[in-house]
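Summary of structural features
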Amino acid sequence: MDIKVILDKLSPQLKYLNLGAMKGLIGEPFIGEEGRSSDGFKIFESYILSVRAMARLLLTYKNRGINTINKLVDNYAPASDNSEFNRNGYKNHHMMVLNLDSLDTEFDIEENLFEIIQTIIKHEGRPDAHNPANEVAIQKAIETAYIDDEETVRRILEPYKMEISSLPLEETEEEVVDKEKQQTVMATKVNPIDANEF
């Protein structure tokens, strides 16, 4: 099969080593960020450095006072770039994982970084993000989000590069179907608060 055809079939997570499917933002690039794709996604040199970038970005959300699921998703997956179906799935997925009563229940992003990052990775298409090796790698990436020195960050994360980057080069048909099922379930879940309005 032609390599271009294979690459076109891959999700941004796999094609750009970008587990959070992060799009380009104005400002200094993250450690390990190599550029941006023609469709706006950040391109990373490794999966683990993309996870650190997610943690850094989410910490800036906390500094800006983002403290509800609605605000989180409005910033991470804005309506201008995502369907309402996908955004509802994102919101309900986060609400379920964080065990919140509503989309407007306040919570601390920093205290829930690990769960938020795992949820983003899974929602963007990697349902295997819960395995123990990945959990260790994700935790290390979060720890290095507080470190500015590039050499130190790279030294700490070097042993964990293969923990996440051992993901397959191509999504299987079963994974695509599982992802679509999961997103459908999450998008159609009724917010308990909304249920009382009917």
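Located above this text is the structure these notes cover.
Residues numbered from 1 in each chain as written. Predicted model: local features only at pLDDT ≥ 70, side-chain atom pairs only at ≥ 80, totals over all residues. Heavy atoms only, no water.

As for the overall build of the chain
- Scanning the chain from N- to C-terminus turns up eleven helices and two strands.
- Shown N-terminal to C-terminal, the secondary structure of the chain runs as helices and strands in the order α-α-β-β-α-α-α-α-α-α-α-α-α.
- Among the 198 residues that make up the chain, the fraction classed as buried is 44%.
- Contacts spanning at least 24 positions in sequence make up 64% of the contacts within the chain whose residues lie at least 6 apart.
- When the accessible surface of the chain is summed, it comes to about 10,400 Å², and 52% of that surface belongs to carbon and sulfur atoms. (Helix = DSSP H or I, 4+ residues; strand = E, 2+ residues; numbered from the N terminus. Buried < 20%, exposed > 50% of the residue type's maximum accessible area, 1.4 Å probe, protein only. Contact = heavy atoms within 4.5 Å. Areas by Shrake-Rupley, 256 points an atom, 1.4 Å probe, with all protein chains shown as cover.)

Quick look at helix H6 (residues 113-123)
- In terms of residue burial, H6 counts as a mostly covered element, since nine of its eleven residues are buried.
- Inspection of H6 places Leu113, Phe114, Ile116, Ile117, Gln118, Thr119, Ile120, Ile121 and His123 among the buried residues, and these make up the whole buried set.
- Where H6 terminates, the next one or two residues include glycine 125, which has phi positive at roughly 125°.

What to know about unusual backbone geometry
- Non-glycine residue leucine 17 carries a positive phi angle of around 50°.
- With respect to the element layout, leucine 17 can be found in the loop between helix H2 (12-15) and strand E1 (33-36).
- Given the relative accessible area of 23%, leucine 17 is considered partly exposed.

Some remarks on the environment of asparagine 18
- Assignment of secondary structure puts asparagine 18 in the loop between H2 and E1.
- For asparagine 18, a relative accessible area of 0% translates into the label buried.
- Separated by 106 residues in the primary sequence, asparagine 18 and glutamate 124 have C-alpha atoms spaced 9.9 Å apart.
- Setting aside its immediate chain neighbours within four residues, asparagine 18 contacts Pro12, Gln13, Phe41, Lys42, Phe44, Tyr47 and Ser50.

As for the side chain of arginine 52
- Mapped onto the elements of the fold, arginine 52 is located in helix H3 (residues 47-63).
- Among buried Asp, Glu, Lys and Arg side chains, arginine 52 stands out as unpaired, with aspartate 148 the closest opposite charge at 5.1 Å.
- Arginine 52 has contacts with Ile31, Ala141, Thr144, Ala145, Ile147, Val153 and Leu157, leaving out every residue within four places of it along the chain. (Lys, Arg positive; Asp, Glu negative; His and termini not counted. Salt bridge = Lys/Arg side-chain N within 4 Å of Asp/Glu carboxyl O.)

Points about the nonpolar core
- Ranked by internal contacts, the top residues of the largest apolar core, which has 44 residues, are Met54, Leu58, Leu72, Ile109 and Ile117.
- Sorting the residues of this core by element identifies H3, helix H4 (69-76), helix H5 (84-97), H6, helix H7 (132-144) and helix H8 (150-157) as the ones contributing at least two each.
- Take this core: its biggest share by element is eleven residues, from H3.
- Non-local contacts of isoleucine 109, meaning those with residues more than four positions away in its chain, are made with Leu58, Tyr61, Lys62, Ile66, Leu72 and Ile116. (Core = buried A, V, L, I, M, F, W, Y, C linked by side-chain atoms within 4.5 Å.)

Coordinates in, geometry out; function isn't part of it.
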